[in-house]
Amino acid sequence: MPIDGQSTPTPGGSVPATVPETRRAVIVGANRIPFARAGGAYAKSSNQDMLTAALDGLIARFGLQEERIGQVAAGAVLKHSRDFNLTREAVLGSALSAETPVYDLQQACATGLETVVGLANKIKLGQIDSGIAGGVDSASDAPVVVSEGLREVILDLHRAKSLPQRLQILGRLRPKDLAPLAPGTAEPRTGLSMGEHQALTTAQWKISREAQDELALNSHHNLAAAYESGFFDDLMTPYRGLTRDANLRADTSLEKLAALKPVFGRNLGADATMTAGNSTPLTDGASTVLLASDDWADARDLPKLASVIDAEAAAVDFVHGKDGLLMAPVFAVPRLLARQNLTLADFDYFEIHEAFAATVLSSLAAWEDDEFGRTRLGLDGAFGIIDRSRLNVNGSSLAAGHPFAATGGRIVGTLAKMLHAKAASTGRPARGLVSVCAAGGQGVVAILESL
Amino acid sequence: MADTYTQLVNSGLGRNLAKKLNLPQPAVLRRYKPGQPLVIGPVVVLGDTPGADKLAAELLSWDLDVRRHAVPAEKLGAIILVLDGLQHPSDLEKPVLAAAGSLRDLRSGGRIITLSHPSAEASSPETAAARQGVDGFLRSLAKELRSGATGNGVLLADGTTTTSPSALGAVRFLLSGRSAFVDGQFLTVSTEDGALPAEPERPLAGKVAVVTGAARGIGAQIARTLHRDGATLILVDIPAAGDQLATVANEVRGTALQLDITGADAGQRIIDHAAQRHGRLDIVVHNAGITRDKLLANMDHTRWNAVININIAAQLRINEALLASEHFRTSPRIVSVASTSGIAGNRGQTNYAASKGGVMGMVRATAPLLASRGGTINAVAPGFIETEMTARIPFAVREVARRLNSLQQGGRPSDVAETIAFLASDAAGGINGEVLRVCGQNLVGA
């Protein structure tokens, strides 16, 4: 069974017969605001406020005032209905030309990475010369929805023509209809939260509590070291008094992490391993990435950090329990690498989004498993081993936090800068892999190369 | 906006009351706006030397209403005393008394400008006495002027004349509303370098300028003023001030460079950014600075070092990188922000005054290094300027501090910015190693 055959084999593999010549899509740079814990510094900030702030910081960094960008693409996972044109409204409130077109995108936690991929593809095809990809989420300013009963009454009232009709309709209201529905992250088809889903996968792959805590500790230490070295000075613009990610605990330790009680998979009893320390908290924040053709960047004397080589999306059937909810990248990465004739040994850096420490570790375990490689990935054996010293070296979501749609932009900006620096210091091209899992059993992965 | 008291005494009732009670009556200063005339009303050029004739002819070519003799009762925009031929103190009498007869005709916001030679270069005691006499005369006259009028002097060093490019540049600056808060000061023109701008409204067109500490206050205003004058801007401030920096950058269509200027590689990063984005760097304004006030008896390591590191050590290190850079070779300009505290001293500011005194020492010693590549380095020393920082001074102290100068009010960030923009322009190419005070002729440390 070939690599792309999660279900049915496709003769000839996944490589298209002919790939048309395209030009490069380069990453010029990025900007994000520090991520805040939900209910913290950005409790009163809307998605539009935060996305506008992230855009304005990017515009200031690269002198893009009044520039007409080819297209801006961004999105949010938790979105108010009034924000149907969220990205356009943010652009109109920014220093960009008001003649910049946009589109909103929603692909759960993969939103940010998918906007990068979509705009890079448009640049490669020559449809646009420049693009700003981004994402934003507020878990603080989440939409609160009225009950289905109240919603029907309100809509019927609009349609009613007379006072008696209106009174009759109002009479249908019951006290329970007045209670608002809080937003939830439960999967609609299983009723399980993301954490409970991951707990099943964690148990399946026998990921230990210690391994998860160690990954979380590394994330905090790596992110803290990156701040100390000034790594984020040209990737971030402060916002509302925050100059660093509020979730970062530079002084955390294995002892402190070990003291936390499990919060997911508690029905597993002693086998419950997932705590608030090795799971990402609800977070507010926004990120942006500036993409361009070589010509567009050169004409403006802009830097070029990396190029977007290729990307792949995958999805798994978690509903029937065939695979874990967050395991789609496990299938996407082997397909992408096969198409590019690459192996895991060909990468200088790996950026695997830390939805939970166990998500990363489950993915690594699946790739290192002979049987999984043979039966599910259609390989001769295990897919491969990732050099842990190349994994999330400047920290990831466990330390920075995870404002759903903003995570892709955070990772792409960070990785592009790391690749550029690596190539500059070694004199050889550097290559990086991005992997982001998402709700609904989805995942998007991408390859970047240094410039 | 003028401060509340200044507004009050410039309204009908307030004006009468202040007069009767003999209270200070600060005027609303004539400040530069693009498109406004250089000076309002005729300009009288006094003096009978060839230098006076040449200057008068030059001013005529600027379309000014130039007079060689005042017409009684005619309101004047400016009186220029050309004193470049003084050989004995008695030579002062004629031009000075001619000026005296016209003082009452000087308009609000009028200007007195002297042009003379530095006494240090005099060949005889008599000449030196006459030249030094101009200093005392001008500084005293400036204190007698009212209604926002100012008096300043241009000193013409050996080899320069009243029509040297920077002498004309200085006269132009001092006549204009750009010099509103510069009062009782002398500015030395040392060489024939410099040129008047092709576009008077955009004297910095085509220049690439770096401003440190640009996120707020005086730095942000320097950025706005340089942008208005045509410069392309790179705005530098610490990463923690990045959001305000971005706002200023987007306002002036520049680029924001989040950078700690005390970092070892700060100068190189500034040069790299300018080289990559613009292929050149023409102007560097060292504005970033902090205060950590304490009486010396209570001073600690942290307060002392932070002030010295940011206010002077960082400038020295960045200048070293600039002077070594191939991108800073075409008539480069450095302008540093010093302070009157560094001249006169200020209780509780031993660290700050040491750093600002250091800035002035650095400027004088660096001037020859820049001169060798056709460049200049100068400093401005602001007095009491109305900023967020001075707004935190207790009311009574603030109210006294802002009246302690000949203009009886605090200056604005724009006054400092205008002076910096002038010193950064081609018109000031012959002015090097100078410290120009922007203090309304503050009574302390004059």
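Looking at an unreviewed UniProt entry, chain B carries the name 3-oxoacyl-ACP reductase, with the source organism given as Arthrobacter liuii. Entered under Sequence similarities (unreviewed entry) in the UniProt record, the comment concerning chain B runs "Belongs to the short-chain dehydrogenases/reductases (SDR) family."

The name an unreviewed UniProt entry gives chain A is Acetyl-CoA acetyltransferase, with Arthrobacter liuii as the organism.

Asker: Break down the overall build of chain B for me, citing the residues and quoting the values.
Answerer: Tallying secondary structure elements over chain B gives 15 helices and 13 strands in all. The C-alpha atoms of chain B give a radius of gyration of 22 Å, which matches the 22 Å a tight globule of 446 residues would have. Each of the three principal axes of chain B carries a C-alpha extent, and together these read 60 × 50 × 45 Å. Within chain B, the proportion of its 446 residues that are buried is 52%. For chain B, contacts bridging at least 24 residues in sequence account for 76% of all contacts bridging at least 6.

Asker: I'd like a rundown of the environment of Arg-374 of chain A, residues and numbers included.
Answerer: Residue and element names in this part refer to chain A. Within the secondary structure layout, Arg-374 lies in helix H12 (residues 370-375). Using a count of 14 C-beta atoms within 10 Å as the deciding quantity, one classes Arg-374 as partly exposed. Setting aside chain neighbours within four positions, we find Arg-374 in contact with Leu-379, Asp-380 and Gly-381.

Asker: Describe the interface of chain B and chain A, with residues and values.
Answerer: Of the residues lining the interface, 16 residues belong to chain B; the matching set on chain A comes to 17 residues. For the side of chain B that touches chain A, the elements supplying multiple residues, two or more each, are helix H8 (242-251), strand E9 (255-258) and helix H9 (266-278) of chain B. A per-class count over the side of chain B that touches chain A returns 7 nonpolar, 6 polar and 3 charged.

Asker: I'd love a proper account of the packing of helix H4 (residues 148-159) of chain A against helix H5 (residues 163-170) of chain A, names of residues and values included.
Answerer: All names here are of chain A. Taken N-terminus to C-terminus, the directions of H4 and H5 make an angle of 175 degrees; their axes are 9 Å apart at the nearest point. Comparing the axis directions of H4 and H5 gives the class roughly antiparallel. Every residue of H5 that contacts H4 at Val-153, Asp-156 and Leu-157 is listed here: Arg-166, Ile-169 and Leu-170. Taken together, the residues of the contact of H4 with H5 break down into 4 nonpolar, no polar and 2 charged.

Asker: How would you summarise the sheet that holds strand E8 (residues 232-237) of chain B if you had to cite specific residues and measurements?
Answerer: Residues and elements named next belong to chain B. Strand order in the open sheet made by the 7 strands is E9-E8-E7-E10-E11-E12-E13, with parallel pairing throughout. Across the chains shown, the open sheet's two edge strands, defined by having one partner strand only, are E9 and strand E13 (435-438). Going from strand to strand, the sheet's axes swing by 20 degrees on average, the running direction of each strand aside. On the sheet, H8 packs against E8 and E9 and is oriented at approximately 160 degrees with respect to E9.

Asker: Break down the environment of Leu-145 of chain B for me, with residues and values.
Answerer: All names here are of chain B. Note that Leu-145 resides in the loop between helix H5 (125-144) and strand E5 (150-156). The buried category is assigned to Leu-145, around which 21 C-beta atoms lie within 10 Å. Distance in space between the C-alpha atoms of Leu-145 and Val-380 is 23 Å, their sequence separation being 235 residues. Setting aside residues up to four positions removed in sequence, Leu-145 forms contacts with Ile-112, Thr-150 and Gly-151.

Asker: Tell me about the domain arrangement of chain B, residues and numbers included.
Answerer: Residues and elements named next belong to chain B. Domain boundaries in chain B define domain 1 (30-189) and domain 2 (208-438). Taken over C-alpha atoms, the centre of domain 1 sits 29 Å from the centre of domain 2. Taken together, the 24 residues of domain 1 in the interface contact 18 residues of domain 2. Sorting the residues of the side of domain 1 that touches domain 2 by element identifies H5, helix H6 (165-175) and strand E6 (186-189) as the ones contributing at least two each. No other element matches H6, which puts 6 residues into the side of domain 1 that touches domain 2. In the side of domain 1 that touches domain 2, the residues fall into 11 nonpolar, 8 polar and 5 charged.

Asker: Kindly report on the confidence of the model for chain A, identifying the contributing residues and their values.
Answerer: Detailed conclusions should not be drawn from predicted coordinates in areas where pLDDT is low. For chain A, mean pLDDT is 92; residues scoring 70 or higher make up 95% of the total. Segment residues 8-13 of chain A is flagged for pLDDT under 50; beyond a separation of four residues in sequence, or across chains, it makes 7 contacts in the model.

Asker: Could you give an account of the pairing of strand E11 (residues 431-438) of chain A, with specific residues and numbers?
Answerer: Residues and elements named next belong to chain A. By the criterion of burial, E11 is predominantly enclosed, with 8 of the 8 residues buried. Covered by surrounding structure in E11 are Arg-431, Leu-433, Ser-435 and Cys-437 together with Gly-432, Val-434, Val-436 and Ala-438, the residues of both alternating faces. Note: strand E10 (residues 349-352) against E11, 4 bridges, orientation parallel. Residue pairing for E11: Tyr-349 is matched across the bridge by Gly-432. Looking at chain direction, E11 and strand E12 (residues 442-450) are connected through 8 bridges and run antiparallel. Among the inter-strand pairings, Val-436 is bridged to a residue of E12, identified as Val-444.

Asker: Tell me about the UniProt feature "domain: Thiolase C-terminal" (unreviewed entry) in chain A, and name the residues and values.
Answerer: Summarizing the sequence annotation, UniProt attributes the feature "domain: Thiolase C-terminal" (unreviewed entry) to residues 308-449 of chain A in the numbering used throughout. Within residues 308-449 of chain A, the helical portion is 37% and the strand portion 20%, while the C-alpha atoms at the span's ends are 7 Å from each other.

Conventions used here
Residues numbered from 1 in each chain as written. Chains lettered and ligands numbered in written order. Predicted model: local features only at pLDDT ≥ 70, side-chain atom pairs only at ≥ 80, totals over all residues. UniProt positions renumbered as here; feature names shortened; annotations may be inferred. Helix = DSSP H or I, 4+ residues; strand = E, 2+ residues; numbered from the N terminus. Rg over C-alpha atoms; globule rule 2.2 N^0.38 Å. Buried ≥ 20, exposed ≤ 12 C-beta atoms within 10 Å, placed from the backbone. Contact = placed C-beta atoms within 7 Å. Nonpolar A, V, L, I, M, F, W, Y, C, P; charged D, E, K, R; others polar. Axes fitted to C-alpha atoms, helices over the stretch in contact; angles between N-to-C directions. Parallel < 35°, antiparallel > 145°, perpendicular 65-115°, else oblique. Pairing = 2+ DSSP bridges. Domains from an automatic or database assignment. pLDDT = per-residue confidence, 0-100.

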